[in-house]
Amino acid sequence: MARRKTGNSHTTICITWQDKENFRKYAQFVKKTRTGNLHESDALLFSRMLEFFGTGNKQGELVNSTYPSKSQEPNQHD
C-alpha cells in the first residue's frame, strides 16, 4: 500500500527534467491572465493522463509500494 502522512492530499513524484518538459507539452490551456497564459497544473495533467492510461491497461488488485520492506510479504511475480 502507498504510504502517506495524515492530512496530505498530494505527493511528490521524481522525474527527469527532460520528462517534465515533455510532460508539460500535454498541459491544456485554461485561461489568459494578467501575466500570461495559464495552463493546467501538473496534478490535473497527471490525473488526466492516468485516467487515459487506465482505459488500455490492466490494473492490479493491490496498491504496490515502490520499495520493499521486511513487514510486507514478497510479491509473487517470480
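Here we summarise the structure given alongside this text. Values in this document were obtained by computation on a predicted structure and should not be read as measured data. (Residues numbered from 1 in each chain as written. Predicted model: local features only at pLDDT ≥ 70, side-chain atom pairs only at ≥ 80, totals over all residues. Heavy atoms only, no water.)

A separate point is the overall build of the protein chain. Helix and strand counts for the protein chain come out as two helices and two strands. Tracing the protein chain from N to C terminus, the helices and strands come up as α-β-β-α. Considering only contacts in the protein chain between residues 6 or more positions apart, those separated by 24 or more positions represent 19%. Carbon and sulfur atoms form 54% of the exposed surface of the protein chain, whose accessible area is close to 8400 Å². (Helix = DSSP H or I, 4+ residues; strand = E, 2+ residues; numbered from the N terminus. Contact = heavy atoms within 4.5 Å. Areas by Shrake-Rupley, 256 points an atom, 1.4 Å probe, with all protein chains shown as cover.)

Among the secondary structure elements, E40 is positioned in the loop between β2 (36–39) and α2 (42–56). Exposure remark for E40: the relative accessible area of 5% places this residue in the buried category. Reaching out from E40, the side chain makes a polar contact with the backbone nitrogen of Q28 at a distance of 2.9 Å. Those residues within four positions of E40 in sequence are excluded, and the remaining contacts are R24, Y26, A27, Q28, V30, L45 and R48. (Buried < 20%, exposed > 50% of the residue type's maximum accessible area, 1.4 Å probe, protein only. Polar contact = N/O pair within 3.5 Å; in protein donor to acceptor, adjacent residues only side chain to side chain.)

Taken together, the side chains of I13, I15, F46, L50 and F53 present a nonpolar region at the surface, about 510 Å² in accessible area. As for its placement among the helices and strands, I13 is situated in the segment before α1 (17–24). (Patch = residues over 30% accessible without salt bridge, like charges linked within 9 Å, V, L, I, M, F, W, Y side chains within 5 Å. Salt bridge = Lys/Arg side-chain N within 4 Å of Asp/Glu carboxyl O.)

A few words now on the packing of α1 against α2. Two numbers describe how α1 lies on α2: the axes approach to 11 Å, and their chain directions differ by 80 degrees. Considered as vectors, α1 and α2 are oriented roughly perpendicular to each other. Contacts between α1 and α2 involve K20, F23 and R24 on the former and, on the latter, D42, L45, F46 and M49. For the contact of α1 with α2, a count of residues per class yields four nonpolar, no polar and three charged. (Axes fitted to C-alpha atoms, helices over the stretch in contact; angles between N-to-C directions. Parallel < 35°, antiparallel > 145°, perpendicular 65-115°, else oblique. Nonpolar A, V, L, I, M, F, W, Y, C, P; charged D, E, K, R; others polar.)

As a further point, take the pattern of salt bridges. Scanning all chains against the criterion turns up three salt bridges. Residue R48 pairs with E40 through a salt bridge whose shortest N-O separation is 2.5 Å. R48 gets classed as partly exposed once you look at its relative accessible area, which sits at 33%. When salt bridges with common partners are traced through the structure, they connect K20, R24 and D42 into a single cluster.

On to the environment of F29, then. In this fold, F29 is placed in strand β1 (residues 29–33). For the pair formed by F29 and H39, sequence separation is 10 residues and the distance between their alpha carbons is 4.4 Å.

Shape is all these values report; function is a separate question.
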